[in-house]
Amino acid sequence: MSFETIAELLYPDITETPADIEAKFPRRVLPEGAKVTRLAPSPTGFMHFGTLFPALIDERLAHQSGGVFYLRIEDTDAKREVKGAEQDLIDTLAYYHIFFDEGATADGEIGIYGPYRQSKRAHIYQVFAKDLIRRGLAYPCFTSESEYEQLKESDKKAELMNKVWDPEELAKEKEQLRAGRNITEEEVRAHLAAGDRFIIRILADGDPNKKIPFTDLVRGKLEIPENDEDFVLLKSDGIPTYHFAHAIDDHLMGTTHVVRAEEWLPSIAKHLMLFRYLGFPLPKYLHLSQLMKMDGNSKKKLSKRDKGAALSDYKAEGYPAESVIEYVMTLLNSNFEDWRRANPEADYTKFPFSIKKMSVSGCLFDYDKLNDVSKNTISLMSTEKVYSDLSTWAKTYDTELYELLTENPDYAKKILAIGRGGKKPRKDFAVWRDVKPYLSFFYDTLFKMEDDFPAQFSSHDIKQALTLFAKRYQPDTGNSVWFDGIKAIADEIGFASDMKEYKQNPEAYPGSVADVSMFIRLAVTGRMNSPDLYEVMQILGKERTLHRINAAIERLEHVQETKEA
Ligand code: GLU
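Residues numbered from 1 in each chain as written. Predicted model: local features only at pLDDT ≥ 70, side-chain atom pairs only at ≥ 80, totals over all residues. Heavy atoms only, no water.

**Observations regarding the nonpolar core**
Here is the rule we go by: Buried Ala, Val, Leu, Ile, Met, Phe, Trp, Tyr and Cys residues that are joined via side-chain atoms within 4.5 Å together make up what is termed a nonpolar core. Burial classes: relative accessible area under 20% of the type maximum marks a residue as buried, over 50% as exposed, and values in between as partly exposed (1.4 Å probe, protein chains only). The secondary structure listing takes helices from DSSP runs of H or I that are at least 4 residues long and strands from runs of E that are at least 2 residues long, numbered from the N terminus. Residues count as neighbours in contact if any of their non-hydrogen atoms are within 4.5 Å of one another.
One finds Phe49, Leu52 and Phe244 to be the most contacted residues of the largest nonpolar core, which totals 100 residues. Broken down by element, the residue count for this core peaks at 8 residues, all from helix α11 (residues 268-278). Filtering out sequence-adjacent residues up to four positions away, Phe244 remains in contact with Tyr125, Phe128, Ala129, Leu132, Leu233, Leu234, Leu274 and Leu278. Counting 58 residues, the second largest nonpolar core, distinct from the first, contains Ile378, Tyr473, Ala523 and Ile539.

**Topic: the site of the ligand**
Short version of the rule: Residues are labelled near a given molecule or strand when at least one of their non-hydrogen atoms is within 4 Å of it. Contacts described as polar in this section are N or O atom pairs within 3.5 Å, which, within protein, must combine one atom able to donate a hydrogen with one able to accept it, while residues neighboring in sequence count only if both atoms come from side chains. In this description, accessible areas are obtained by the Shrake-Rupley approach with a 1.4 Å probe, and a residue is regarded as covered only by the protein chains that are shown. Each residue gets one label: Ala, Val, Leu, Ile, Met, Phe, Trp, Tyr, Cys and Pro are nonpolar, Asp, Glu, Lys and Arg are charged, and the others, such as Gly, are polar.
The environment of the ligand is formed by Arg38, Ala40, Ser42, Glu74, Tyr242, Arg260 and Trp264. Between the ligand and Tyr242 there is a distance of 2.3 Å, counted from an oxygen atom to a side-chain nitrogen or oxygen. Here the ligand, which alone exposes 300 Å², has 80% of that area covered by the protein. Broken down by class, the residue content of the shell around the ligand amounts to 3 nonpolar, 1 polar and 3 charged.

**Topic: helix α24 (residues 533-540)**
Here α24 lies mainly inside the structure; 6 of its 8 residues are buried. Within α24 the residues assigned to the buried category are Leu533, Tyr534, Val536, Met537, Ile539 and Leu540. Where α24 is buried, its residues contact α18 (409-417), α20 (459-472), α21 (479-492), α23 (513-525) and α25 (542-564). Taken from the residues just after α24, Gly541 is the one with a positive phi, measuring 90°.

**A closer look at the sheet that holds strand β9 (residues 232-234)**
The strands making up a sheet are joined through hydrogen bonds of the backbone, oriented either antiparallel or parallel. Rules: For two strands to be treated as a pair, DSSP must find no fewer than two bridges joining them. Only the stretch in contact is used when fitting a helix axis, every axis being a line fitted to C-alpha atoms; angles between N-to-C directions are given from 0 to 180 degrees.
On the basis of which strands lie adjacent, the open sheet formed by 3 strands has the order β5-β6-β9 and antiparallel pairing. Looking at the sheet topology across the chains shown, the edges are occupied by β5 (138-143) and β9. The average angle at which neighbouring strand axes cross in this sheet is 45°, direction not considered. Pairing geometry for strand β6 (residues 197-202) and β9, over 2 bridges, is antiparallel.

**Quick notes on the packing of aromatic side chains**
Going by this rule: Stacked, tilted and edge-to-face are the three classes applied to pairs of Phe, Tyr and Trp rings, where Trp contributes its six-membered ring and a pair requires centres within 6.5 Å; stacked means planes under 30 degrees apart, edge-to-face means over 60, and tilted covers the rest.
Summed over the entire model, instances satisfying the criterion amount to 32 aromatic pairs. A ring pair is formed by Tyr11 and Phe198, whose centres lie 6.0 Å apart and whose planes are at 75°; its orientation type is edge-to-face. Here Phe198 lies in strand β6 and Tyr11 lies in the loop between α1 (3-10) and α2 (18-24), a separation of 187 residues in the sequence. Assigned by exposure class, Tyr11 and Phe198 land together as buried. Ring geometry for Trp482 against Tyr534: centres 5.7 Å apart, planes inclined by 65°, an arrangement best described as edge-to-face. Here the residue Trp482 occupies a position in helix α21, and Tyr534 occupies one in helix α24, the gap between them amounting to 52 residues. When its relative accessible area of 9% is taken as the criterion, Trp482 is described as buried. An aromatic cluster is present here, built from Phe49, Phe53, Tyr314, Tyr319, Tyr327, Phe365 and Tyr367 joined pairwise through their rings.

**Section: the pattern of salt bridges**
A side chain with one charge can pair with a side chain of the opposite charge if their charged atoms come near. As a reminder, the rule being used: Salt bridges are identified by distance alone: a Lys or Arg side-chain nitrogen within 4 Å of an Asp or Glu carboxyl oxygen.
Following the criterion strictly, the structure yields 36 salt bridges and no others. Residue Glu59 is joined to Arg60 by a salt bridge in which the shortest nitrogen-to-oxygen separation is 2.8 Å. Judged by its relative accessible area of 6%, Glu59 falls in the buried class. What makes Arg60 buried here is its relative accessible area of 5%. A salt bridge links Arg135 to Asp131, with the nearest nitrogen and oxygen atoms 2.9 Å apart. Here Arg135 falls in the partly exposed class, since its relative accessible area comes to 37%.

Right under this line is the structure:
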């Protein structure tokens, strides 16, 4: 049998050789040590939070080394493809400041290594497939039209995958499959004349009893059994399998580092075989463990339906992109948090990201930790940035808040500036969604009494404290004079103005200066806890402050009257 003839019979129109193709994809000229990485998603529509991990690693490895980061769309499975998914992916990653230098973009393609969509590269794969057949390293496997229809109906693949194989049966099946290797020129001619479809299988030379060394950048040295499976390279529509396509694309596009999910690790023997058959140098591989979450006391994989799995949820909740990236960095490199403590203001891209600091066991997703990181990240932002990012979020997710923020930007910024900029900035928000409940009392339309005056105090005392405060309130005295005024009120109504004394002898007083402050705080903000009260009043202004205090006095009077009636 002549492999050469079979190759010619199958692909008469393919005249190019691998060398011709290689010539169209020149080696990249990059500085020493520059890494070329890619994100190679299948556009299936759902963006898992976990996508950020390879994306960020790829981006850091490339850009930290003066290399290239490109986007390749692996759209070889038309059935799973979702319209608009590609655009969504590009937009979502851009939201997280992850940008590609090259590859598929919304406005076409950038770069000379394209097409960057696998569906547009069928010709290239076929050139290499033809060459493998010619060299006796791959062979066709035919299916008649009626067999094909049957296969389509029966979901044979799932059936075979789920089957519990009896070892003898399996050996027989393998033998049958291998018999296909001996296909003759005449058989090929006959099948083609009958219009039968064919797939291309590799002709595996591995012995599973032998092991080959393989080094994963995170997992270290591994020993894996050789591959003896004649796996599929091209499907009957001429479209490649992931295995074949990635080997050719990563080689031609000059990828130096392949970062991908651990689900591909079991296929590594196949990939080593492919690179060897094709004569390509092997890129470096980094297989990422599944993202885990705690489920009671045990770890479980963060699956599609779990809270936190969909990347779109983070934006909707109002996690700033910076917070999410910051959190992913803390998970990716064990020394990131120490670096952050030493460099609180620095951009994360200044951090020397290192594969060596990644853990083999994978990352554990934890909302509490994410929220802590986010609170810290937001606390370090400038007022302008908080205002701008919060408004952008509110425009889509909370129009009432958006209107309040934009009808008087200066007022909103004053509120958002509270506790910002000092050595110990306030950490009130983890997400933009937290902001409205925090600042609602600054807006008359949202203000309401959320907490009641504690029942242990007499309305008479509260009223008296509020009345005295209202009578004397001067907005611009400065914080300490203002507080002296409150102390004086405490003394006048028989409350302790000295906290030390009060703590020693609490029975002697109906309350303390802290309680007087609390009455005023409740009247003005409607709640027990608020940012610095003096500052709050400055922002609200004298008129609104007094209006709220007087309204509280009136309410107290009303309650008293109803009680007496
Ligand atoms: N298209 C593959 C996937 O979606 C990408 C794997 C890789 O990065 O090589 O899983």
